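Observations on the three-dimensional arrangement
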Amino acid sequence: MKRLVAVAVMFALMLAPAGLQAAEKEKAAKAKAPVKKTVIPGSQAPDFKITNAKGKIVTLKSLTKKGPVLVRLTCGCSGCDKELAYFQALNTAYKGQGLTSVAIFREPDKKVEGYVKKKKLKMLYAVDSKGAAWKVWQTKKMPTNFLIAKGGTIIAVADGCDPSGLLAKKLSERVAKLLKTDAVNVQQAVKQQAAKPKK
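These figures come from a predicted structure and were not determined experimentally.

**A few points about the state of the cysteines**
Applying the stated criterion across every chain, the model contains 0 disulfides. The cysteine Cys-161 is free of any disulfide, with Cys-80 supplying the nearest cysteine sulfur at 4.4 Å. Since its relative accessible area comes to 35%, Cys-161 is described here as partly exposed.

**Some points on unusual backbone geometry**
Residue Pro-143 is bonded to the preceding Met-142 through a cis peptide linkage, with omega at -5 degrees. Relative to the helices and strands, Pro-143 is located in the loop between α5 (132-136) and β6 (144-148). Positive phi outside glycine occurs at Gln-138, with the angle close to 55 degrees. Of note, Gln-138 is situated in the loop between α5 and β6. Judged by its relative accessible area of 22%, Gln-138 falls in the partly exposed class. Phi is positive for Lys-180, close to 55 degrees, though the residue is something other than glycine. On the secondary structure map, Lys-180 appears in the loop between α6 (166-179) and α7 (186-195).

**Some details on the side chain of Thr-139**
One can find Thr-139 in the loop between α5 and β6. Those residues within four positions of Thr-139 in sequence are excluded, and the remaining contacts are Leu-73, Trp-134, Thr-144 and Phe-146.

Thresholds applied
Residues numbered from 1 in each chain as written. Predicted model: local features only at pLDDT ≥ 70, side-chain atom pairs only at ≥ 80, totals over all residues. Heavy atoms only, no water. Disulfide = S-S within 2.5 Å. Buried < 20%, exposed > 50% of the residue type's maximum accessible area, 1.4 Å probe, protein only. Helix = DSSP H or I, 4+ residues; strand = E, 2+ residues; numbered from the N terminus. Contact = heavy atoms within 4.5 Å.

Purely geometric stuff here, so don't read any function into it on its own.
Laid out in structure tokens, this is it:
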């Protein structure tokens, strides 16, 4: 009997490392498994808040109660810089009709402060040098734009840099549809602005 118990214990000890290895493999596989994307068109926008340039906390929920919101995760690189003019034109075109544009810069505070003055930025903006917003919005791409309807449903996600203004033009058409108004061709608006003589 003692011999049978000893054999059983020995057998159990031999199998234990294999069981532990299987558990470790399963744990590692779960850790590598991609996080399910929930920030997609048709879903509710994440609970998100920013501290604006005046130090006031602004929640996305409070903005989407008023109307549609365009959230732009961006930086001051040359591509984003060239594209900014189109998003400024988009903001100007629809701001009076209820659109709120929010630019979130992944740059140091001082750099953004100078950039905003130089570009005469007329939209709500915030600084997120650590990139927390990119985690909340489940993206690593810069820039990434999220068009959100009044009430908080995500309508469109447009990522990547497009210095030609085509991406901004397509978003302008989506904004116009949401606001039930005529679309503004932001590419044309930027060309016209550039052609005006500087004072």
